[in-house]
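# Coordinate inspection notes
Chain residues, written in single-letter form:
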Amino acid sequence: MRDVDAEVIVVGGGHAGCEAALAAARLGRETILVTLSEDTIGALSCNPAIGGIGKGQLTREIDALGGVQAQVADVAGLHYRMLNTSKGEAVQSLRAQVDKDLYSREMRRLISVQPHLRVVEGSVEDIHIVDGVAAGVQLEDGATVTSRKVILTNGTFLRAVMHIGETQSEGGRIGEGTVRQLTGALGGLGLETGRLKTGTPPRLDGSSIDWSQLEVQHPDANPQGFSHWKQLPEREWMNCHTTRTDESVHDVIREYLHRSPIFSGQIEGVGPRYCPSIEDKVVRFPDRQGHVVHLEREGLQTPSIYVNGISTSLPAEAQEQLVARIPGLKKARFLRHGYAVEYDFFPPHQIARTFECQALSGLYLAGQICGTSGYEEAAAQGFLAGVNAALDLANQPPLILGRDEAYIGVLADDLVRCDPREPYRMFTSRAEFRLMLRHDNADLRLAEKGEMLGLISQEQADRVRRDQQQITETVSRLHRERHGTRTLHEMMRIPGATWSGLIEAVPGVENWDLDVRLRDQVRVAVRYESYIERQQGEVARMRRQEQWSLPADLNYDTIPGLRNEARDWLNRLKPDTVASAQRIAGVSPSDISCLMVALRVRGLEEELESS
């Protein structure tokens, strides 16, 4: 075996890179994290927040498996809110405003004290290849750092260009550079590339804002943190404030629209549909009289205010005019103008669900380089890439999570069968089994896997097992015990029923052996029992289809009856199972029927029937 500088090299110190490097190192692999600047490790490039709809579940799942994003967010948290509380538990998600500097400092601290992990500053310009396998990286200064696995998490820094009006400058973030040669190097290996765009709003000086004109948005009275393993620190929680744009603001945007790089053709990449610029909103929703603007503090020790809702790349003078017309911001001083970033990415149908690149063994891609958006999506990918690189080095089976097991599984499955024309973002609507993949039960679903990996301690896993036992025993007891003519289980199923209400109505329930923090788990398990059973049946059917493998060399052009669109998508994405093929947007149920007939004709009938 050849000598190497490290077993795993992780390129990029963002959310994907941090999770990948920490996971690989904690699994005992000598790891090097290569970053443009050690000072920007763990930086929150855009909004000062972790979590959100669907994203909060990802952060909780990373924590349940042994990752770090949740605990770092809880160290830096300033304002916690559970979203969608007026809706069912299946779509509720946690979001927290965080102190950006404190978040980055805590992430850097974890990396600095982690055994088997060291940081190297530099720009990676090429992949070092030995015998057709990724074997390290070549830095801009010509030095080669060797390894057995390489994980690329370059974020928005590949041939990155920033735009403010007609002004362009190189860089993936204000004050930082770009990686110029790596895209071409990977393209030379046969990887397909694309171009995407993201953006960020202005930052304002909080002392120049008239807070009295803004609506206060209070945090949750008794906030719940992201981490399953640690309590939130004692601190005074901060408020958020909201205001709105109006027609006078929209008039400014329309006046300068011809100078917007998005509409002038200056930017070729497509931006995120679900986080559009303010100029996008005005054009796409011309009848909307106003748009909500959230003013979020970026930290305890900074006056900087993040103006959530007006991401823009309009010229600086246009930004200043439109901001001055928003209530409360008439005299606001700019600390930084908003800007757009255009960057290269690699469509993720080129990776496996382990995040290993199909074109080059030993090379893994994770984060925005795969066409996603968001800190949480990046962290989930980085965690899986780091874990799977380490597992492969140990000749152990990979960590593959199913769509019925975790939002992380939904994310991975979606990516390997999609060809994004816009940055991919996680939502609860993407998870067909979201009632089973709730925010509150991530540890019950995944801690055992984390323990098997060695990233969750036995003590932590034992606590989760005790929790599950308490929940199961309590649900059984609710079935057995009665109050009047009804079982307690029937009483708990009444709409609006709560555990505190049951305690008031039925003497002795307050003495049951059930941890207070598990009461809601029991209530949800009872309330949705029949729905969960139905989803479990759907999961069983899906798993049977997942066993119907599709040959990697299957030529879909030879299968009669398939629509042309289906042929194109199937040949392009090469799904590994019938279930995966069924989830491709361009493949219809009739196409799946044709596919099944063709498989049987080709002699796979026995295999299908036995499945």
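These numbers were taken from a predicted model, which means no experiment stands behind them.

About the criteria used
Residues numbered from 1 in each chain as written. Predicted model: local features only at pLDDT ≥ 70, side-chain atom pairs only at ≥ 80, totals over all residues. Heavy atoms only, no water. Core = buried A, V, L, I, M, F, W, Y, C linked by side-chain atoms within 4.5 Å. Buried < 20%, exposed > 50% of the residue type's maximum accessible area, 1.4 Å probe, protein only. Helix = DSSP H or I, 4+ residues; strand = E, 2+ residues; numbered from the N terminus. Contact = heavy atoms within 4.5 Å. Phe/Tyr/Trp six-rings, centres within 6.5 Å; stacked < 30°, edge-to-face > 60°. Lys NZ or Arg CZ within 6 Å of the ring centre and 35° of its normal. Axes fitted to C-alpha atoms, helices over the stretch in contact; angles between N-to-C directions. Parallel < 35°, antiparallel > 145°, perpendicular 65-115°, else oblique. Nonpolar A, V, L, I, M, F, W, Y, C, P; charged D, E, K, R; others polar. Left-handed = near helix turned anticlockwise from the far one by under 90°. Expected span 1.5 Å × (residues − 1). Pairing = 2+ DSSP bridges. Salt bridge = Lys/Arg side-chain N within 4 Å of Asp/Glu carboxyl O.

Moving on, we get to the nonpolar core. Where a protein is soluble and globular, its nonpolar side chains tend to be buried together. Judged by nonpolar contacts, the single largest core of 99 residues is most densely connected at Ile127, Leu152 and Leu363. No other element matches the 11 residues that helix α10 (residues 375-393) contributes to this core. Apart from the residues within four sequence positions on either side, Leu152 is in contact with Val11, Ile127, Leu182, Leu186, Leu363, Tyr364, Leu365, Ala366 and Ile369. Within the second largest apolar cluster, 22 residues are counted, among which are Leu204, Leu214, Leu257 and Ile326.

Mapped onto the fold, Leu204 is located in strand β14 (residues 203-205). C-alpha of Leu204 to C-alpha of Asp392: the two residues are 188 residues apart in sequence and 47 Å apart in space. Once residues within four sequence positions are removed from consideration, Leu204 is found in contact with Ile209, Pro303, Ser304, Ile305, Val307, Val323, Leu329, Ala332, Arg333, Phe334 and Leu335.

This part covers the environment of Ala461. Structurally, Ala461 can be placed in helix α13 (residues 458-480). Leaving out residues up to four positions away in the same chain, Ala461 has contacts with Glu451 and Ile456.

Here the focus is the packing of aromatic side chains. Tallied over the full model, the rule gives 4 aromatic pairs. Note on Tyr80 and Phe226: the rings are 6.3 Å apart at their centroids and 50° apart in plane angle, and the pair reads as tilted. One end of the pair, Tyr80, is in strand β4 (residues 77-83); the other, Phe226, is in the loop between β15 (215-217) and β16 (240-244), with 146 residues separating them in the sequence. Exposure class is identical for Tyr80 and Phe226. Each is buried. Between Tyr80 and Trp237, the aromatic rings sit 5.4 Å apart at their centres with planes inclined by 85°, giving edge-to-face as the arrangement. Placement of the pair is Tyr80 in strand β4 and Trp237 in the loop between β15 and β16, with a sequence separation of 157 residues. Three or more aromatic residues link up through ring pairs in this structure, and these residues are Tyr80, Phe226 and Trp237. Arg297 extends its terminal NZ or CZ atom over the ring of Trp211, reaching a point 4.9 Å from the ring centre.

This paragraph deals with the packing of α10 against helix α11 (residues 407-416). Where α10 contacts α11, the two axes come as close as 10 Å, and the packing angle between them is 85°. Viewed along their axes, α10 and α11 adopt a mutual orientation that is roughly perpendicular. On α11, the residues that touch Glu377, Ala380, Gln381 and Leu384 of α10 are Ile408, Leu411, Ala412 and Leu415. Split by residue class, the contact of α10 with α11 holds 6 nonpolar, 1 polar and 1 charged.

Attention shifts here to the packing of helix α3 (residues 69-76) against helix α4 (residues 100-113). One can describe the packing of α3 onto α4 by two numbers: an axis separation of 8 Å at closest approach and a directional angle of 135°. As the angle between them shows, α3 and α4 are arranged oblique. Between α3 and α4 lies a crossing of right-handed hand. Where α3 approaches α4, its residues Gln69, Gln71, Val72, Ala73, Val75 and Ala76 are matched on the opposing element by Leu102, Tyr103, Glu106, Met107 and Leu110. The residue makeup of the contact of α3 with α4, split by class, is 8 nonpolar, 2 polar and 1 charged.

Turning our attention to helix α1 (residues 15-26). Look at α1: 16 Å from first C-alpha to last across 12 residues, which is about the 16 Å you get at 1.5 Å a residue. With 11 of its 12 residues buried, α1 lies for the most part within the structure.

As a further point, take the sheet that holds strand β12 (residues 167-170). Here we have 4 strands laid out as an open sheet, ordered β12-β11-β20-β13, and antiparallel in their pairing. The open sheet has two free edges, formed respectively by β12 and β13 (194-200), since each of these has just one partner strand. Pairwise comparison of adjacent strand axes, ignoring direction, gives a mean angle of 25° for this sheet. Taken together, the 3 bridges between strand β11 (residues 161-164) and strand β20 (residues 339-345) define a ladder with antiparallel strand orientation. In the strand pairing of β20, His163 is matched with Ala340.

The buried fraction of β4 is high, at 6 of 7 residues. Two elements, β4 and strand β5 (residues 93-98), share 6 bridges in a ladder whose sense is antiparallel. Bridge pairing links Gly77 to Val98 in β5.

Glancing now at the pattern of salt bridges. Under the criterion given, the structure shown has 44 salt bridges. For Arg463, the salt bridge is made with Asp443, and the minimal N-O distance between the two is 3.1 Å. Taken as a pair, Arg463 in helix α13 and Asp443 in helix α12 (residues 442-453) lie far apart in primary sequence, 20 residues in all. A relative accessible area of 5% places Asp443 in the buried class. Counted as one network, the salt bridges with shared partners bring together Arg353, Arg403, Asp413, Asp414, Arg417, Glu432, Asp576 and Arg583.

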